[in-house]
Every structure is written in structure tokens, then in C-alpha cells.
Protein chains: 2
Amino acid sequence: MTTLPLSSRETARRRLLDALRREGPLARVEIGQHLGMSPASVSELTASLLDEGILVTEETSDPTGGLIRGRPKTRLFFAESLGSVIGVWTGFNRIELRLVDSAGRNRASRHVERPLRNLGSEELMDVLAQCISAFAEESGAHNVRAVGLACQGYVDTRDGIVAWSPVLGARDLPLASGLRERLGQPVLMENDASAMAFAIAQRNADLRSGRTACLMVGDGVGLGFLIQGELYRGARFGGSEFGHVRLRRSGPQCRCGGRGCIEAYLADYALHRDAQLIDHRPAPTLLLPGEEAMEAIVAQARAGDPALLNLFQAAGEVLGDAVGILIQTLEPDHIVICGPGTRAMDLLRPSFEAALEAQTIPELRALATIQVVESSIDLLTEGVVMQALRELDLDLARLKAA
Amino acid sequence: MTTLPLSSRETARRRLLDALRREGPLARVEIGQHLGMSPASVSELTASLLDEGILVTEETSDPTGGLIRGRPKTRLFFAESLGSVIGVWTGFNRIELRLVDSAGRNRASRHVERPLRNLGSEELMDVLAQCISAFAEESGAHNVRAVGLACQGYVDTRDGIVAWSPVLGARDLPLASGLRERLGQPVLMENDASAMAFAIAQRNADLRSGRTACLMVGDGVGLGFLIQGELYRGARFGGSEFGHVRLRRSGPQCRCGGRGCIEAYLADYALHRDAQLIDHRPAPTLLLPGEEAMEAIVAQARAGDPALLNLFQAAGEVLGDAVGILIQTLEPDHIVICGPGTRAMDLLRPSFEAALEAQTIPELRALATIQVVESSIDLLTEGVVMQALRELDLDLARLKAA
DNA sequence: TTTGTTTTATTCATCCTGTGAATAAATTAC
DNA sequence: GTAATTTATTCACAGGATGAATAAAACAAA
């Protein structure tokens, strides 16, 4: 992840390519309208992008059937020849993979069940590299240009280092360089909640204006924070570990070693573990339960199981407190609650809303819109792949400039 | 407060004038070194600033006494003729005023004891306007160009509206326009913690790089958050109401009407109130105690009063939790604890550090430097005045451009 | 005094970008 | 075939940043 300030040319270029990835093929006039650029500027920019072989003109088979007068649009889009990018997410005991072309269109995806916890760092990198190359091979990926990797924990996105992760058990793990050596590809890293936030904002223009706090609930709990559509970067160019804010002094145990973290109430592993405890099952594991197991718990709660209802009630309360803290601290314009955890939003909502109300000042609460976006892990690899693609766009531009 | 994106020219101009206000008179070469600009650009920029009458060349009385060879520097600085700006802070029962020239140098200051709580909005504006004009007159202010006003609460800095304030009891109060009508001057508004954060960052270059979270403890508790030296703006261009994050569900009463807010433990009024309660004094007020009263409480605690020590212990714990939340949410590069409340830092520190440690992940905690900056309310009016001056700089540039 | 040295400041030609206006191109409508 | 319409390019120009050359203002030394 480059962190140099972008020149105005680079910004324009990025905006243009972002718009194409979002909207699909566009004619030059349309690009101008989308971005508020003059036709002359668009012509100039696209000329060099065409020249560099990044874009190609589309063979227009005249889809309007001659209903529109005037010179027909020639739409521009990404050249197929540019190759592809692999996006990876390392979950608790699962690896999610996706292959996209340079336009960001899905080409293949799969997931692998494989616990990554407590592997040594060399072994971890071996396993990951092996999964990625196997996936590349089986999906017939040709000309892979980069790998984007999202994982839980605090990620130094500039250097591709996992500064801290509860899942990988890692401290300052130089994952990007380790995988680069093994795969021979540039590897770009991102925190997983950041990746999902980015993907969601790509689908909703509102979320790309102002400040958007995107709380992902699922495997863990993470926050992706966007300012004018770009990911917020903290120290060492990482995101946020909001999921490990400890709201309850003597709350349940968290994967991070602490107690009472937001995650320790809301994450799938936490709900699953606590549900097992209710049933007096032995030795609750910290492994990620499958979607079926979670659905079963939710169904049982919806059926009226009082102990489970209590669980969701407590989780909703924590969610309300969490969103309340975000509102009072950052005053975002938009708040998004997303991730697999939204499957139980109906169960969470009453206590969520009560806690949010108790936690926040009404006048400030009114400044933010809150929306729930159902989103699966797919969106996560989509986000990291998008970020990787933009990074490659930039590299190409700088390559040509030099 | 203008919120339009700045043109590159405007950015350069702002950086130049900021540097002059911080560093004092500078020669053109020195400006170039400070800002990493070419001599040609500096010459060009300063030429128009001199032309507009914003800067003047300094009459160099050759202070080096001829020890240095070569053409002597001609230093540039702000023209005296440009007039002055008044900075105001409205506290709980006190108004702080300051007059500065266009270079930001202090010309006069005073404070007025005057409770502002529970005044009607018209009356409030009358009182404020009257205080300000009396101050302008008595300090011999000539050619006042603007008033900068900092207050507690959520301030819409673009339109100068107090969206919410526990002190002024206001909801959507258009204070800036009301005062402008009464004073005939443009009035620029800012949240008080934001103003102090800005002032502190002007004095320490480190804090102007990366992300700085500046927690002001005093009359209330506020957060000023800086990204690359510029104030973070949330929805409606306000700052943060971090002081009203409710950390303890059944904690003490806060001025905002809630319970267990950070402020309800740490603010002067809270400590004073709780100290009175210990002594079984009747009817604890919410008025701001004077500095002497606070010093007395601190002295009594330092002398070993166990009940007071408990009070500071609880406050320190809340401070640690608060800083912990900031670290895990925003991963700032720098954290500053400032304001009059730092007077008791020795009493707060043990429980502060323990709570911080319990609240945060060591690897993440290590990413931020934490420093305590002793700072009085003076810095606050300094900050708001600085912001007002930069806004005027911008207006002047846009005036000339039109 | 004169000439050279040193440092500061300006000027100038140039590059880069972005834009409005004019022009060209490609199509439909009549 | 001509007019109308829409899309795309070209061109001249403006604004801003910069390196290089030049000018300016001092001191140092012969």
C-alpha cells in the first residue's frame, strides 16, 4: 500500500478508473458527467490510459438499436490482457479466495477450511502460499499481477506487516514480504473490516461522501472508517481495532486475551461459545462456528429460548453502546452495520436501540444515518481486491512516468 | 468556517502564513526551507502577499552585526495595518477574551465572571456581544476584523451554529449570525477542545504530523482530533463530543443529562461536586469552581485525604479507559492530555496507567506517544483566534481573486 | 578602490495540467 | 442529400510550480 500523497494527475486517474470499475463501461462524456471533468480533460486522460494499454474501446454492437440520434458513444473499459488479481481473506479457521480480472469482475472463488491459529509464522506463510497457488492453478488464472490479503488484526498496510492479530497469533509478522517471496507476486494487505467497508462504499455513493463508520460483525468485530470514500489510516497506516474496546470490565473472555471486548459479545465465536455454555456443553472452543451452527442458534432464539434471547439481548446492548461511542467520538455522517452478524439483527435490535438511546445525546444521534447492510464474506475479498487493483493502477502510472 | 476544498494556491498560501505566525518573521529563503518550496515559488507567493498588503518587509536593523557575508535577508511579516481579531471562550460561568494582531500576537486579554447558563438565546447573545464590545473598547482595539468564538458543545463550524451544548443549554442556536448582527463583525465558531488542540499543535511540529488526539480536561472534557495538523470535522462540520461517551452505566450525573459520562468524573465541576458531597455539604452546584477551589481539593488529596484520593483514583481510571478507547478506535500517533485538569495528573496517574493497560492491547498501545501538556484556558482563545486568522487569510485571497 | 566571494532574491523560459471554444466525426431525421 | 444532434478531439491559453540564469546586496581581501 503506497502512502505517498497523490499528484493531481494521479487523483484524476484514480477517480476515473474507480468510476469505471463501479459503473462498468462508460463513454467519455459519461465519465465527464460522473466526475465533473471537462471533455477535454477526459479525452486527455483516456488517451494516455488507452496508450498504456490499461483501457480499450468497447466494440459497441449498438445496443440502443438506433433510437438515439447523434454520434454514438464509444465506451471504454479495462483491457482483458491486463491480467488478474487474487483476493484472500484469512478467517479463524477458513480461507476465502477470489480471482478477479483487472476490471474487478469475479472470475472464480472458493474457500478452504483450514485453521490457521497457532501455526508458526513460516508454516503459516507456507500454508497460505500453497492455498493461493493451488487456487490460482485450479481456477486457470493467467497473468496474476498481485495478491490482496485481508486479515483480522492490526495491519501495517504500507509494509504489509501484521502488527498484531488475535487470530494469527502474530506480532509484527511480515506476511506480505513472506508471501511475495513464495508466490513471486506483490502482496498488498488490509484489515478485513476496512476491506469490507471499502467494498460497501463502492456500492453506495452516499457512503463515499462525508464520514462513514462501518461496523462489521461476524467472525470478529471490526471497524472500517471512511473519510470521503477513502479508508482512514491510523499509526503505521493501519485501521482500527474498535472490536477490542473493552466495554465491560468483567465481561466475557475475548480472543485477544482481554475481557469484555465488544467482540467478546457479538462475534460468532462468542455467541456460539456462550450458547454452548448454556447447554452445559463441555470445553467451549474458540473455533469459528459454521453458518449452519449460527443459523441454528438464531432459530432457537427466535423460537423463544429465553437463555439465548438473553444472549442476544446482551449482544444488542453492546452493539448499541459501540455505535453510541462512534457517534459521540467521530460524529460520522453514516453508520453501517454489516457482516454475517446482521443475520440476527431482529434479535439484537430492541436492546441495540435502547442502549443507543441511553448512550447518546439525541441531537448528535440525529446527525448520523444508521443502516444495516446484509453482507457476506464475499464482500470482504471484493474490497481487498479492489484496493489491490487501485494500487496496481497507481504503480502502472508511476512506471510509465519513470 | 469555510469548508470548500482549497486550491493548491490557497494551500500554499495558508502554509506560508501559518509558518510565519508560528516562527515569526522569516526571509524568503527560510520560508522555502521550512515548506520545501522552490525560491521561485516563494518569491511569487510573497510578491502577491506584499502586493495585497498582508505582509510587509521588515526594517532589518542588521541584528547579526555583519558577521555573515552575502546579501542580507529581508524578513517578511504581517502588516500592522491589517487590524486585529478578538478571541472569546464562553465557559460555564466565565468568559475569556483576547485581542491579537494579524500576526497572532497577544495585545490584550481579560476574563469576565458571568454565568451564561439558562439565559434565553437573545439574552445570551446580548450579554456576549456586550462583553465583547466592552473588551474591544477598553483594550483600545482598532480595526477589529473578526471575532473567533470557542464554546463547549457541538458546533457547526461552517454556519456558526451551536447544535448542542450542555453549558449554553442551546439547541441549534445560530450564535455566529446573532453576534454578527450585534457586533457588525464576522464571527467564526469552534468547539473549545478543538481550539485548544489546534493551539497546542501549533507549538509542536510533531503533533502536526500524523494523527493527534488531544484530550482536554478542565471545565469539561473534550476531544480535539487533528489529522496532519488540521482539525477533524464530523457531520455538520463539528468536532467530537467524546467527553459525553458514557463509560459507566450507573455512574454519576453529568451536565448533559446522562450518567457516567467521562466528563462526569473528570471535569472540574464533577470533582468539586463530589468533593463537596464527601464533606456532606448541601446542594452541590454545577457551577464551575475557581482555580483556588480546585487547588484546595488537590492539596487536600495530596495530603492524604482518603475519600478525595478515591475520587481521583476513579477519575484516573476513567481517563485511562478514555485514552484506551481512543487508542483502539483511532490508533493516533500522538495523544495529548491537556487543560487545567492536568494539575492533578500526579493523583490521576497510577489508576490512569493501570486502566490504560487493562483497556488496551500492548502492541497497539506502543504505537502512540502519550504526553501531558499543562495548558490553561489562554491556549484555548489562542487556538480559536488562530483559526479565525487563517479563515480571514483565505477570505482575503478569495476577495482579491474575484 | 576594486575585484572577488557569498548569500539572497528575482526573472525567465519551460513544463504540466486543466479548460473553453472551435472543430471534426459519426450517426439519425427528414 | 442536407440538417440536426450528439460525441470526441484539437488547439490555444491560463495558472501554477520549478530549475537555471541573472541581478542585487552585502563583506573580504588585494
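The numbers attached to residues start from 1 for each chain and follow its sequence in the written order. Lettering for chains starts from A, numbering for ligands starts from 1, and both go in the order in which the items are written. Two thresholds apply to this predicted model, a pLDDT of at least 70 for residue-level local features and 80 or more for giving and counting side-chain atom pairs, whereas whole-chain, interface and lining totals are computed over all residues. Side-chain calculation: all heavy atoms of the structure are included, whereas hydrogens and water are not.

- Under an unreviewed UniProt entry, the name given to chain A is ROK family protein, and the source organism is Microvirga arsenatis.

1. Notes on the overall build of chain A
Then, in step 1: Of regular secondary structure, chain A possesses 13 helices and 16 strands.
Then, in step 2: Partly exposed describes any residue whose relative accessible area lies between the buried limit of under 20% and the exposed limit of over 50%, with all areas from a 1.4 Å probe on protein chains only and scaled to the type maximum. Residues counted as buried form 60% of the 402 residues belonging to chain A.
Then, in step 3: Taking all contacts inside chain A whose residues are at least 6 apart in sequence as the whole, residues at least 24 apart take part in 66%.
Then, in step 4: Only four residue types enter the charge count: Lys and Arg as positive, Asp and Glu as negative, with His and the chain ends excluded. The atom standing in for a charge is NZ when the residue is Lys, CZ when it is Arg, CG when it is Asp and CD when it is Glu. In chain A, 42 positive and 51 negative side-chain charges are present, and the distance between their average locations comes to 3 Å. Helix and strand assignments follow DSSP, with helices taken as H or I runs no shorter than four residues and strands as E runs no shorter than two, numbered in order from the N terminus. Residues are treated as being in contact if the distance between any of their heavy atoms lies within 4.5 Å.

2. Brief notes about the packing of helix α8 (residues 268–278) of chain A against helix α10 (residues 306–330) of chain A
Residue and element names in this part refer to chain A.
Then, in step 1: The axes are straight lines fitted to the C-alpha atoms, using for helices just the contacting stretch, and the angles between their N-to-C directions are given from 0 to 180°. Look at α8 against α10: their axes get within 10 Å of each other, and the N-to-C directions meet at 150°. Taken together, the axis directions place α8 and α10 in an arrangement best described as roughly antiparallel. Considering only the axes of α8 and α10, their crossing is right-handed. Counted together, Leu271, Asp274, Ala275 and Ile278 of α8 and Ala307, Leu308, Leu311, Phe312 and Ala315 of α10 form the full contact between these two elements.
Then, in step 2: Note on residue classes: Ala, Val, Leu, Ile, Met, Phe, Trp, Tyr, Cys and Pro are nonpolar, Asp, Glu, Lys and Arg are charged, and everything else, Gly too, is polar. Of the residues assigned to the contact of α8 with α10, the class counts are eight nonpolar, no polar and one charged. For classification, angles of less than 35 degrees are called roughly parallel, those exceeding 145 degrees roughly antiparallel, those between 65 and 115 degrees roughly perpendicular, and all remaining angles oblique. In this scheme the crossing of two helices becomes right-handed for a clockwise turn of the near helix relative to the far one and left-handed for an anticlockwise turn of less than a right angle.

3. Things to note about the protein's contact with DNA strand C
Then, in step 1: The rule for a residue being near a molecule or strand is that one of its heavy atoms must lie within 4 Å of it. Taken together, 23 residues surround DNA strand C, and among them Ser41(A), Arg69(A), Ser43(B), Lys73(B) and Thr74(B) come closest.
Then, in step 2: Contact distances for DNA strand C include 3.2 Å between a base nitrogen and a backbone N or O atom of Arg71(A).
Then, in step 3: Residue Val29(B) places a main-chain N or O atom 3.1 Å away from a phosphate oxygen belonging to DNA strand C.
Then, in step 4: Breaking the surface near DNA strand C down by element, the ones donating at least two residues are α1 (8–23) and α3 (39–51) of chain A together with α2 (28–35) and α3 (39–51) of chain B.
Then, in step 5: By residue number, the principal contributor to the surface near DNA strand C is α3(B), which donates three residues. Think of a polar contact as two N or O atoms within 3.5 Å of one another; within protein, one of them needs to be a possible hydrogen donor and the other a possible acceptor, and neighboring residues in sequence only count if both atoms come from side chains.

4. Some words on the packing of α8(A) against helix α9 (residues 291–302) of chain A
Think of two packed helices as two axes; the pair is described by the angle between the axes and how far apart they sit.
Residues and elements named next belong to chain A.
Then, in step 1: At their nearest, the axes of α8 and α9 sit 10 Å apart, and the two run at 60° to each other. Between α8 and α9, the interaxial angle falls into the category oblique. You can see that α8 and α9 cross each other, and the crossing is left-handed. Here Asp268, Leu271, His272 and Ala275 of α8 come into contact with α9, specifically with Ala293, Met294 and Ile297.
Then, in step 2: Of the residues in the contact of α8 with α9, the class split is five nonpolar, one polar and one charged.

5. A few points about the protein's contact with DNA strand D
Then, in step 1: Ser43(A), Lys73(A), Thr74(A), Ser41(B) and Arg69(B) are the nearest of the 21 residues found near DNA strand D.
Then, in step 2: Protein-proximal atoms of DNA strand D, defined as those within 4 Å of the protein, fall in sugar or phosphate at a share of 76%.
Then, in step 3: In the model, a base oxygen of DNA strand D is placed 3.5 Å from a nitrogen or oxygen of the Gly70(A) main chain.
Then, in step 4: Those elements giving two or more residues to the surface near DNA strand D turn out to be α2 (28–35) and α3 of chain A together with α1 (8–23) and α3 of chain B.
Then, in step 5: Counting residues per element, the surface near DNA strand D draws most heavily on α3(A), which supplies three residues.
Then, in step 6: Split into classes, the residues belonging to the surface near DNA strand D amount to seven nonpolar, seven polar and seven charged.

6. Focus on α1(B)
All names here are of chain B.
Then, in step 1: Expected span of a helix, by definition, is 1.5 Å for each gap between consecutive residues, and there is one gap fewer than residues. The first and last C-alpha atoms of α1 sit 22 Å apart over 16 residues, in line with the 22 Å expected at 1.5 Å per residue.
Then, in step 2: When we look at burial in α1, the residues that qualify are Glu10, Ala12, Arg13, Arg14, Leu16, Leu17, Asp18, Ala19, Leu20 and Arg21.
Then, in step 3: Phi turns positive, to about 85°, at Gly24, one or two residues after α1.

7. Comments concerning the domain arrangement of chain A
Residues and elements named next belong to chain A.
Then, in step 1: Domain segmentation is taken from an automatic or database assignment of domains. Segmenting chain A into domains produces domain 1 (8–81), domain 2 (82–196 + 379–401) and domain 3 (205–375).
Then, in step 2: Each of domain 2 and domain 3 was reduced to a C-alpha centroid, and the two centroids are 25 Å apart.
Then, in step 3: Across the boundary between the two partners, domain 2 contributes 28 residues, which contact 26 residues of domain 3.
Then, in step 4: Defined here as a combined quantity, buried area equals the accessible surface (1.4 Å probe) lost by two parts on assembly, summed across both. Between domain 2 and domain 3, the buried area comes to about 2,300 Å², and carbon and sulfur atoms account for 56% of it.
Then, in step 5: For this analysis, a salt bridge means a side-chain nitrogen from Lys or Arg found within 4 Å of a carboxyl oxygen belonging to Asp or Glu. Joining domain 2 to domain 3, the criterion identifies four salt bridges.
Then, in step 6: Put simply, the parts of the chain that give the side of domain 2 that touches domain 3 at least two residues each are β8 (154–156), β9 (161–165), β11 (187–191), α6 (192–202) and α13 (377–401).
Then, in step 7: Tallied by class, residues from the side of domain 2 that touches domain 3 come to 13 nonpolar, eight polar and seven charged.

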